[in-house]
Amino acid sequence: METIVNKSIVDFKLPAYKDGEFVEISNDDIKGKWSVFFFYPADFTFVCPTELLDMAENYDKFKELGVEVYSVSTDTQFTHKAWADASESIRQIKFPMIADKTGFLSESFGVLNPEDFLAYRGTFVINPEGKIKIVEIHDNGIGRDASELLRKIEAAQFVENNPGHVCPAKWKKGAATLTPSIELVGKI
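Description of the structure in this document. (Residues numbered from 1 in each chain as written. Predicted model: local features only at pLDDT ≥ 70, side-chain atom pairs only at ≥ 80, totals over all residues. Heavy atoms only, no water.)

**Side note on helix 1 (residues 47-57)**
Right, so step 1: Among the 11 residues in helix 1, 8 count as buried, and that is most of the element.
Right, so step 2: Of all the residues in helix 1, the buried ones are Cys 48, Pro 49, Glu 51, Leu 52, Leu 53, Asp 54, Met 55 and Ala 56. (Buried < 20%, exposed > 50% of the residue type's maximum accessible area, 1.4 Å probe, protein only. Helix = DSSP H or I, 4+ residues; strand = E, 2+ residues; numbered from the N terminus.)

Next up, the structure:
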């Protein structure tokens, strides 16, 4: 399996549901800013609304970091709207809910399960140049945590803005980083 870390995101143009409207999202929308693509199996399910609500409750924190969030499933934009109409949790979402009904985007990120045509729980952080910097894929029974994703984004942004520095385990914004060198070998 070939990694997609540091690869460019594919060209795409897909319909989405965003805050009461149908919109179109393309790779042009992510240029010049940080983005999160948050794949999930399906609307009207069980773990998915808990994750999407967690992302919605933390959306302002993502925006403070200059990050746009895009949730993606193989449902249609009409199903996304129906879910928002039916669910108080989903109604709180202000970020675009992309309709990947052909599975093209899910497949390009390596999260499409061909057996049921649903996406695995995949989280991808894209930098302003359109390169994938963080990849995390879960089996569908394992929910994700927005606060951990925010920490990883802060680390990715720090590393990108501070060449020669790396962030150790559990690093949080403002904490000490490392500058790899021969002097550190065997001393950590």
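**Digging into a nonpolar patch on the surface**
Right, so step 1: A cluster of nonpolar side chains, Val 5, Val 135 and Ile 137, forms an exposed patch at the surface whose accessible area comes to about 200 Å².
Right, so step 2: Its location among the elements puts Ile 137 in strand 9 (residues 132-138).
Right, so step 3: Ile 137 gets classed as partly exposed once you look at its relative accessible area, which sits at 42%. (Patch = residues over 30% accessible without salt bridge, like charges linked within 9 Å, V, L, I, M, F, W, Y side chains within 5 Å. Areas by Shrake-Rupley, 256 points an atom, 1.4 Å probe, with all protein chains shown as cover. Salt bridge = Lys/Arg side-chain N within 4 Å of Asp/Glu carboxyl O.)

**Considerations on helix 3 (residues 77-86)**
Because an α-helix packs 3.6 residues into every turn, residues spaced three or four apart end up facing the same way.
Right, so step 1: Taken residue by residue, helix 3 has Gln 77, His 80, Trp 83 and Ala 84 as its buried positions. Seen from one end, helix 3 has its buried residues packed into an arc of 115 degrees, which puts them on one side. In helix 3, the exposed positions angled more than 90 degrees off the buried face are occupied by Phe 78 and Ala 86.
Right, so step 2: Buried positions along helix 3 lie against strand 1 (13-18), strand 2 (21-26), helix 1, strand 4 (67-73), helix 4 (88-91) and strand 5 (97-99). (Arc of directions from axis to C-beta. Contact = heavy atoms within 4.5 Å.)

**Some thoughts on the nonpolar core**
Right, so step 1: The biggest cluster of nonpolar side chains holds 27 residues, and the ones touching the most others in it are Val 36, Leu 52, Met 55, Phe 62, Phe 95, Met 97 and Ile 153.
Right, so step 2: Only strand 3 (34-39), helix 1, helix 2 (59-64), strand 4, helix 3 and helix 6 (146-161) provide two or more residues apiece to this core.
Right, so step 3: A total of 5 residues in this core trace back to one element, the largest contributor, which is helix 6.
Right, so step 4: Not counting chain neighbours up to four residues away, the residues in contact with Leu 52 comprise Phe 38, Tyr 40, Ser 71, Trp 83, Ile 90, Ile 93, Phe 95 and Met 97.
Right, so step 5: In this structure, Phe 12, Ala 16, Phe 37 and Leu 105 belong to the second largest nonpolar core, which totals 18 residues. (Core = buried A, V, L, I, M, F, W, Y, C linked by side-chain atoms within 4.5 Å.)

**A look at the side chain of Asp 43**
Right, so step 1: Note on placement: Asp 43 falls in the loop between strand 3 and helix 1.
Right, so step 2: Despite its burial, Asp 43 pairs with no opposite charge; the closest candidate is Arg 121, at 9.9 Å N-O.
Right, so step 3: Residues within four places of Asp 43 in sequence aside, it is in contact with Ser 73, Asp 75, Thr 79, His 80, Trp 83 and Met 97. (Lys, Arg positive; Asp, Glu negative; His and termini not counted.)

**Regarding the side chain of Thr 123**
Right, so step 1: Of note, Thr 123 is situated in strand 8 (residues 121-126).
Right, so step 2: Here the side chain of Thr 123 touches Arg 144 through a polar contact of 2.9 Å, side chain to side chain.
Right, so step 3: Apart from the residues within four sequence positions on either side, Thr 123 is in contact with Val 36, Phe 37, Phe 38, Ile 134, Val 135, Glu 136, Arg 144 and Leu 149. (Polar contact = N/O pair within 3.5 Å; in protein donor to acceptor, adjacent residues only side chain to side chain.)

**Structural notes on the sheet that holds strand 1**
Right, so step 1: In space, the 7 strands of this open sheet follow the order 2-1-5-4-3-8-9, with mixed pairing throughout. Sheet topology places strand 2 and strand 9 at the edges, where each strand pairs with a single neighbour. Across the sheet, the mean angle separating the axes of adjacent strands is 25 degrees when strand polarity is ignored.
Right, so step 2: In this structure, strand 8 lies alongside strand 9, joined through 6 bridges in antiparallel fashion. (Pairing = 2+ DSSP bridges. Axes fitted to C-alpha atoms, helices over the stretch in contact; angles between N-to-C directions.)

It is worth stressing that arrangement in space is one thing and function is another; only the former is reported here.
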